[in-house]
Each structure stands twice: as structure tokens, then as C-alpha cells.
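Each chain, letter by letter, is given below.
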Number of protein chains: 2
Amino acid sequence: MEIDTGDTLNAASFRPQESLSIGAQLHRILRAAIIRGELVPGQAISEIEMSKKFAISRQPVREAFIKLGEERLIEVLPQRGTYIRKISVKEVLDARHLREVIEVSIVREVAEKHDDALIKTLRSLIAEQRKVRHGDNQAFLLLDEEFHRTLALHAGREYMWRVTEGIKAQMNRVRFLTFDSATPMPQLTDEHAQVVDAIEAGNADLAAQRMEQHLRALLNSLPLIAERYPDHFVAE
Amino acid sequence: MEIDTGDTLNAASFRPQESLSIGAQLHRILRAAIIRGELVPGQAISEIEMSKKFAISRQPVREAFIKLGEERLIEVLPQRGTYIRKISVKEVLDARHLREVIEVSIVREVAEKHDDALIKTLRSLIAEQRKVRHGDNQAFLLLDEEFHRTLALHAGREYMWRVTEGIKAQMNRVRFLTFDSATPMPQLTDEHAQVVDAIEAGNADLAAQRMEQHLRALLNSLPLIAERYPDHFVAE
DNA sequence: AAATGTATACTTGTATAGTAGTATTTCAGA
DNA sequence: TCTGAAATACTACTATACAAGTATACATTT
């Protein structure tokens, strides 16, 4: 069975792979909606509300809520209600730091055991990134993630990459807040290119340093964003 | 929920731990059972079996299964069955590596901003570790984890520590396999002490190096263990 | 007027029943 | 004896109903 997403989500984003359970499908849908900010932080959602909206029973909704709770995207208060979690600046910065530690370590490994095929793949991704039309931030985001994932999997660090999935969720919530304004795509792409150059040269220290800078730049506007959208963040 | 009539009006007797749902309680129980090896890898478990065993309905069991599945401790095959995951040597080593990257980064931070209170706490933990009687590996394991957690929280890295919870689950499954044989407690304790010395000296590089060695030693017997318990591991 | 009890309308948590998919067994037919 | 399709016995998945906790509005009492 497949749940009716109605007009809340375009069918193009669905992968025709294996049939997921209703709960798993809803989890994906809600997760994306939270990250994209369609469900705003602090907003109350309920199992009944969602079950009606998608014409399913409460049980699958419940299971989706459990997963979202573990990802810290919502907060389930027993017998009281469920709310979209507000973004915590501290938590986002902490997550970003963990991602930095992970990816710097990965790029070091990659620099020490790279091959021509990898370099070619990475350069191809960078070329695609340059072709993204101005303003299509979502397309760029996908290519950006593929670039980083390629590095992680080449190093054989699937476990690490699975962890960064959760990290990226927190970070992307912030990035989507400024989705209207332009992402500095050319700059980020140049940084990618410089990382690849360092990898190709086999210079692990340089690659690590450039990756570190790259990841730090991603959220350097966080304080301003938090100030502009005070309702989206927890007071701390 | 019922009130405790025994210690009425004694505020100190209040447990800071809120009442967990049945599903959450079962999750804890099963998680511990899997890590301790009481539920052996490959073994089939079912919702009905557990609901009968604990005299509860199947719904809470289901929710516990979902959480265990996300932790990769069990594998839920839709319409087929649920099984205790076999241990993957690659995954354990990858997890250990991630833990190394995380904790080395943490100990660097701690070395650069330590204080006397922290050193005192750490030395106190080490003293307790020395007092653990030979063979009581579980007591040592708890003190070991508290040592590492203290470092993480002092660095203000709660997010990182949450991630290592999942990592430790995978590693501890291996450690519990050799629970009968003696853990080299004196050696591990000495390594802890040397890390603290480096922290107190403010030598971040040395502290990092010693932590790295310490964490690598934890699983150096993994290949032998995997060979001795082939049924517990996935063929790869 | 202020404090307190109570009904009500929410919420999430749990139990039970039935659905749908998979694997195994059974047994007719060669 | 072997083959293969249908019956059977599981499994996880979903739907519905009910239980229990919480917040709020409102009546009651002091």
C-alpha cells in the first residue's frame, strides 16, 4: 500500500525502489517537511491530525513519530502533545563540529589512497555543480551531498556516513531557512575543487585544512539567521 | 503511575527518571540482552513471542523493535521475521575508528581547557577502577564508560557523546563475548592515568596520542574472537 | 474575590482483531 | 521416488477501540 501524499509533495521525489511500509513512507515525508521548514518549529502536530491528513490509521503515524523523535526533529510529550523541535544553536554547532571531525578524517584517508577514477568522478560532480542555474539551491544541495558522500564511501566509511545523515538533517534545517537568499554556490564549488586538487596531489594535510575551512564556512551566518528567525530557535 | 506512599513528602526520594512507557522499558531490556549476548546473533524473535513472554500487547513490542532496528541490533524483515543481527567485523572496526576520531578530538579540547576539579574527578574514577576486584568486568566497564563520558561532557560535546552511545553498543557486544576471560583492567587503568597526566600537563598532542593507543587496544583481539565464535559474526 | 473541585476535550499509550505477505508442509499426480 | 501446486502456519503490518494522563474552562465553595 502506498499512502496518498495529496498535493503536499511532488511525486517526483519518490524513488520507485522497494515498497516501504506506510510508517516509513510517512517518516520520509515528515522528515523532509521539517527540514524544509514547511512544518515550523514549535508547531504542534498530533497523531490523529496526520492520520486524517494522509487517510491512514494512527499506528503508522506513531511509528513515524518515534523515528522523528530519535532524530530530535520532534518532541513527543506523553499525554500532552507532539511538537516540532525548535532549532538549538548549540546543538547545530556541536553537530557541525562533529561533521568537521569526521570529514576531515575521511579526506585525510582519501588523500592517502586516491585513484584516477575517484578524481574523475569528483571533477565530474564539480562540473555539474557549476552548471546549476543561479537560485536552484536544492539541486546544488543534492550535488553537494553527493560530493561528500563519494569521499566517505571511497574511504570505506559507511558507518561514519550514516552518522552524518543525522548531522546534516540538523544543519540543513538552518540552510533551508535562508533558502530564499542565494547560496554562494560558486564559492562552495571552488572550495570543493581545491579539496580535490589537494587530494590529487596526495597532500593529506592540505586537503584536511581545506575541508575544515569549507565546513566551517557553511554555517558562518548562523548567528545572523538565529537573530532573524527568533521563533525558530530555542532560547538558551 | 502511582505515588510512593513509603517515602511520602521526602523530596530526596524522588527519582529524576520519568516513568518510561512499556515500549521504552522493553527496548532497554532487549538492548541489554542483545549486548550481553543472552539473545544470540542469528536467533529469531517475534512480536508475539515477546508479547507473551512479558505479558504485554504486541504494539509496545513493535515500537521497541523499531528502535532496536535503528540501532542495528536486530533486523526486521517485513512479513518474514525478525532476527538478532550478527556482528559485522567491518562494522565494529568502522565504529571503533569513528569513536577514536571523536574521542581524540575531545581529549585535545580537554587538554587545552582543563581545570583542577576535572583532574580530581578523573583521578577519583581511576582510583575506583583500581579497586574493582579481579573478574568483575561489568563493574569495570561502567567505570570505564564514566571516565570517557566525563571527558566528553567537560568539553561540552553532548551531541558527540550521544553518537558514541550507539558505537559503544556495537563494541560492547564483542567485549561481552570474552566476558569469561579476564579484561586487562590494570593495563586499561594505567592507560587512563597516562591520559590524565598528559591532560594535566596541557600537552594536547600527547593526550591525543595516548587516547588513540588506548582505544586501539580495546579491540586488538577482535580477529581471534571472530574466529572463535564464527556463528556470532556475519560471513564477509 | 480567591481558592478549589469537576466536567470536558484534548493528547499519547496500550490492547485486540483482522489483513497481507512469506515460508513451509502436505499431498495428488507423474 | 520425485515434482509441483495448493493448503497451512507462521510472520510483520495496519486498523479500530479503549485506557490513562494532561490542560483548560467553568462551576462551586470559602
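Refer to the structure above for everything that follows.
Because the structure is predicted, anything quoted here is derived from the model rather than measured.

Cut-off values and rules
Residues numbered from 1 in each chain as written. Chains lettered and ligands numbered in written order. Predicted model: local features only at pLDDT ≥ 70, side-chain atom pairs only at ≥ 80, totals over all residues. Heavy atoms only, no water. Contact = heavy atoms within 4.5 Å. Buried area = accessible area lost by both parts, 1.4 Å probe. Salt bridge = Lys/Arg side-chain N within 4 Å of Asp/Glu carboxyl O. Polar contact = N/O pair within 3.5 Å; in protein donor to acceptor, adjacent residues only side chain to side chain. Helix = DSSP H or I, 4+ residues; strand = E, 2+ residues; numbered from the N terminus. Nonpolar A, V, L, I, M, F, W, Y, C, P; charged D, E, K, R; others polar. Pairing = 2+ DSSP bridges. Axes fitted to C-alpha atoms, helices over the stretch in contact; angles between N-to-C directions.

Trainee: Please set out the interface of chain B and chain A residue by residue, giving values where relevant.
Mentor: Counting from both sides, the interface comprises 27 residues of chain B and, opposite them, 27 residues of chain A. Across the interface of chain B and chain A, roughly 2400 Å² is buried in total on both sides, 58% from carbon and sulfur atoms. When the area that chain B buries against chain A is broken down by residue, the three leading residues are Glu63, Asp94 and Tyr159 of chain B, summing to 25%. Inspection of the chain B/chain A interface yields 8 salt bridges. At the junction of chain B with chain A, the criterion picks out 11 residue pairs in polar contact (both at pLDDT 80 or more). Those elements that provide at least two residues to the side of chain B that touches chain A are helix 3 (58-70), helix 4 (89-112) and helix 7 (158-177) of chain B. Across the side of chain B that touches chain A, the residue classes break down as 9 nonpolar, 6 polar and 12 charged.

Trainee: Help me get a handle on the environment of Asp205 of chain B, residues and values and all.
Mentor: Residues and elements named next belong to chain B. Inspection of the secondary structure puts Asp205 in helix 9 (residues 204-217). With 15 residues separating them in the primary sequence, Asp205 and Asp190 have C-alpha atoms 18 Å apart. There is a polar contact of 2.8 Å between the side chain of Asp205 and the side chain of Arg108.

Trainee: Lay out the pairing of strand 2 (residues 74-77) of chain B with the relevant residues and their values.
Mentor: The pairing of strand 2 of chain B with strand 3 (residues 81-84) of chain B spans 4 bridges and is antiparallel. If you follow Ile74 of chain B over to strand 3 of chain B, its bridge partner there is Ile84 of chain B.

Trainee: Break down the sheet that holds strand 3 (residues 81-84) of chain A for me, with residues and values.
Mentor: Residue and element names in this part refer to chain A. Across the sheet, 3 strands lie side by side as 1-3-2; this open sheet has antiparallel pairing. The open sheet has two free edges, formed respectively by strand 1 (44-45) and strand 2 (74-77), since each of these has just one partner strand. Note: strand 1 against strand 3, 2 bridges, orientation antiparallel. Within strand 3, the residue paired with Ile45 across the bridge is Thr82. In the packing of helix 3 (residues 58-70) onto the sheet, contacts are made with strand 1, strand 2 and strand 3, and the angle to strand 2 comes to roughly 115°.

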